[in-house]
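Coordinates in review
Residues per chain, in single letters:
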Amino acid sequence: MAEIRARGIIIKQSDYGEGHRMLSVFTEEYGIVKAISYGVKKSKSKAAASSQFLCYGDFEFYKGANKDIMTVNSINTIDGFYPVSEDIKKLSLCVYLSDITYSILGSNNPDSRVLHIFLNSVYALAYKGEDMKKVKTVYELKLMCAGGYMPSIHSCVSCGSANIFAFDLLKGGMVCRECGGKYMVKMNKTLYMALEYISGCEDKKMLSFNANDELLDSLGTLTEQYVNLQLDRKFASLDYYKTMLDM
């Protein structure tokens, strides 16, 4: 039994019993941890605002006999990213980004790089006016690179040939004509350069490029399918985000 202090951001929340919330908090020190915020849904609870999705702050947890689930003692909020919370489209995108992050990391696996990429993406949506399509596709690719799914860009992922022409979503990289498989995306120069830049640039510069809607649409389809095939699952939160875009 111990008290644990960590800085983190709430990436999932759900109701837990009467008046309580189950939180998934992405911390730098401990990875994604689960914790119950008791009584937070009661009308007079002072902790209601700080127990919301995307609340970033300093958390104090109590770790008892159940090592998998802790108790939230207190939250000192640093930022709530309220411009995101007030925009249903941006909010639904962040739910999807949280889902794929959880799918990559699971619980209790610290990864400061992924945390900073996530925070930078949410910040860009909240305060920098970045295009949602751009943030989505860049985060998908950067997350896959950081999570162990770095695509092979400069040579055929199967045979090593330099005569590449398409990206194989299942094999995880560029392929030559002889090695291409079922899930190929043919690449033009602009699409290839964007893929090369995002996968290889410093994380802090991941959004520092210009792209028109056509390029973002093509790149976004590629990264989205890459996530689905490599993780072998589809995300309902992605479908909801697309529904919100159509409204």
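A brief look at the structure comes next. (Residues numbered from 1 in each chain as written. Predicted model: local features only at pLDDT ≥ 70, side-chain atom pairs only at ≥ 80, totals over all residues. Heavy atoms only, no water.)

Time to look at the packing of aromatic side chains. In the structure shown here, the tally under the stated rule is seven aromatic pairs. Each ring, one from Phe167 and one from Tyr226, has its centre 5.4 Å from the other, and the planes form 75 degrees; the classification is edge-to-face. Of this pair, Phe167 sits in strand 6 (residues 164-168) while Tyr226 is found in helix 6 (residues 213-231), placing the two residues 59 residues apart along the sequence. Each member of the pair, Phe167 together with Tyr226, is buried. These aromatic residues form a ring-pair network of at least three members: Phe81, Tyr123 and Tyr127. Note that Lys12 overlies the ring of Tyr102, its terminal NZ or CZ placed 5.7 Å from the centroid. Here Arg177 stacks its cationic end above the ring of Phe165, 4.4 Å away from the centre of that ring. (Phe/Tyr/Trp six-rings, centres within 6.5 Å; stacked < 30°, edge-to-face > 60°. Helix = DSSP H or I, 4+ residues; strand = E, 2+ residues; numbered from the N terminus. Buried < 20%, exposed > 50% of the residue type's maximum accessible area, 1.4 Å probe, protein only. Lys NZ or Arg CZ within 6 Å of the ring centre and 35° of its normal.)

All right, on to the environment of Ile36 then. Tracing the chain through its elements places Ile36 in strand 3 (residues 31-37). The spacing of Ile36 and Met70 is 34 residues in sequence and 6.3 Å in space, taken between C-alpha atoms. Once residues lying within four places of it in the same chain are set aside, the contact partners of Ile36 are Tyr16, His20, Arg21, Met22, Ile69, Met70, Thr71 and Val72. (Contact = heavy atoms within 4.5 Å.)

Two elements in contact, helix 4 (residues 132-146) and helix 6, have axes whose closest approach is 9 Å; the angle formed by their N-to-C orientations is 35 degrees. When the axes of helix 4 and helix 6 are compared, the crossing they make is left-handed. Where helix 4 abuts helix 6, its residues Lys133, Lys134, Lys136, Thr137, Glu140, Leu141 and Met144 lie against Asp213, Leu216, Asp217, Leu219, Gly220, Thr223, Glu224, Tyr226, Val227, Gln230 and Leu231. Residue composition of the contact of helix 4 with helix 6, by class: seven nonpolar, four polar and seven charged. (Axes fitted to C-alpha atoms, helices over the stretch in contact; angles between N-to-C directions. Left-handed = near helix turned anticlockwise from the far one by under 90°. Nonpolar A, V, L, I, M, F, W, Y, C, P; charged D, E, K, R; others polar.)

Geometric descriptors of this kind do not, in isolation, establish any biological role.
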